[in-house]
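Listed below, chain by chain, are the residues.
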Amino acid sequence: PAPEGQLRGRLEGEFRLNGTLEGSDLERMIQLRPSGPMTLARSIPDFGKMMQIPWLDRFRAYKNGELVASILIGKGYDMVGVMHEWGATDHQTLLTLIDHVAKTLPFESLMLLVPDNLETSWKSALVAHSESYEKHSMALIKYLNKKQKREDYSSLFVWGLDSI
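Residues numbered from 1 in each chain as written. Predicted model: local features only at pLDDT ≥ 70, side-chain atom pairs only at ≥ 80, totals over all residues. Heavy atoms only, no water.

S.K.: Explain the pattern of salt bridges here, please?
M.R.: As a working rule, side chains carrying opposite charge can pair if their charged atoms are close by. Applying the stated criterion across every chain, the model contains seven salt bridges. Across the salt bridge formed by glutamate 85 and arginine 33, the nearest N and O atoms sit 3.7 Å from each other. A residue pair is termed long-range when its members are at least 10 positions apart, and glutamate 85 in strand S4 (residues 82-88) and arginine 33 in the loop between helix H1 (23-32) and helix H2 (44-50) qualify at 52 residues. Neither residue differs from the other here; glutamate 85 and arginine 33 are each classed as buried. Through salt bridges with shared partners, one network takes in Arg33, Arg42 and Glu85. (Salt bridge = Lys/Arg side-chain N within 4 Å of Asp/Glu carboxyl O. Helix = DSSP H or I, 4+ residues; strand = E, 2+ residues; numbered from the N terminus. Buried < 20%, exposed > 50% of the residue type's maximum accessible area, 1.4 Å probe, protein only.)

Following this line, the structure appears as structure tokens:
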């Protein structure tokens with residue numbers, strides 16, 4: 001795909017919106033997500049199928065041909081304006097891509113879903129550039145078998161596409 005714009009800030013590269021994603025792009029998007037103690041496993045083929053969800057915009061930033069940041073926003077009507085999947089090499093690159101998303105889409109505001117256990121430097125940078133910050137539970141768990149061992153899922157983060 002042709003470049004849609006040059007990255008602002010300290011990066012020199014290009015933005016891409018939607019278009020064809022190669023398997024290597026999908027793999028890199030998963031690799032760039034912040035790691036946490038617990039999330040759901042995702043295969044590249046399954047991730048590729050999820051890219052077909054209606055109203056899902058796939059923003060990417062490349063530097064020297066390498067994917068350095070991605071944001072998935074939307075996912076049907078219930079996730080309009082919500083950046084529910086993302087990853088980047090560093091928080092400045094992510095903020096640059098968020099700025100591009102904000103200038104490209106017609107939304108009054110955007111929301112970024114963030115794992116609670118995100119590295120402190122990342123969280124501090126994101127909060128510093130946010131209009132507001134709120135902490136909420138992402139999901140509730142009900143055990144169907146009362147005799148089942150109760151595991152601690154407090155560190156579980158379910159990325160947006162895995163919530164369907």
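So, next bit.
S.K.: Help me understand the environment of histidine 136 in this model?
M.R.: Tracing the chain through its elements places histidine 136 in the segment after helix H4 (120-128). Given the relative accessible area of 57%, histidine 136 is considered exposed. Through-space distance from the C-alpha of histidine 136 to that of aspartate 116 is 9.2 Å; in sequence the pair is 20 residues apart.

S.K.: Help me understand helix H3 (residues 91-104), please; the structure alone is not making it clear to me.
M.R.: Residues spaced three or four apart along an α-helix point in a common direction, a consequence of the helix completing one turn every 3.6 residues. Between the first and last C-alpha of H3 there are 20 Å, a value that for 14 residues agrees with the 20 Å anticipated at 1.5 Å per step. When H3 is considered as a whole, its buried residues turn out to be Thr93, Leu94, Leu95, Thr96, Leu97, Ile98, His100 and Val101. Capping the start of H3, aspartate 90 holds a side-chain oxygen 3.1 Å from the backbone nitrogen of glutamine 92, two or three residues further along. (Expected span 1.5 Å × (residues − 1). Polar contact = N/O pair within 3.5 Å; in protein donor to acceptor, adjacent residues only side chain to side chain.)

S.K.: What should I look at first to understand the sheet that holds strand S5 (residues 111-112) in this one?
M.R.: Picture the strands of a sheet paired through backbone hydrogen bonds; they go either parallel or antiparallel. In spatial order, the strands read S1-S2-S3-S4-S5; together these five strands make up an open sheet with mixed pairing. Each edge of the sheet is formed by a strand with only one pairing partner; in this case those strands are strand S1 (14-17) and S5. Direction of pairing for S1 relative to strand S2 (residues 57-63): antiparallel, over a ladder of four bridges. Its bridge partner lying in S2, arginine 16 is registered against arginine 60. Across the sheet, H3 lies against S1, S2, strand S3 (66-73), S4 and S5, angled at about 50° from S3, the strand it touches most. (Pairing = 2+ DSSP bridges. Contact = heavy atoms within 4.5 Å. Axes fitted to C-alpha atoms, helices over the stretch in contact; angles between N-to-C directions.)

S.K.: How should the packing of aromatic side chains be read in this particular structure?
M.R.: The way to describe two aromatic rings as a pair is by their centre distance and the angle between their planes. Inspection of every chain in the model, using the stated rule, returns one aromatic pair. Between tryptophan 86 and tryptophan 122, the aromatic rings sit 6.0 Å apart at their centres with planes inclined by 25°, giving stacked as the arrangement. Of this pair, tryptophan 86 sits in strand S4 while tryptophan 122 is found in helix H4, placing the two residues 36 residues apart along the sequence. A relative accessible area of 1% places tryptophan 86 in the buried class. (Phe/Tyr/Trp six-rings, centres within 6.5 Å; stacked < 30°, edge-to-face > 60°.)

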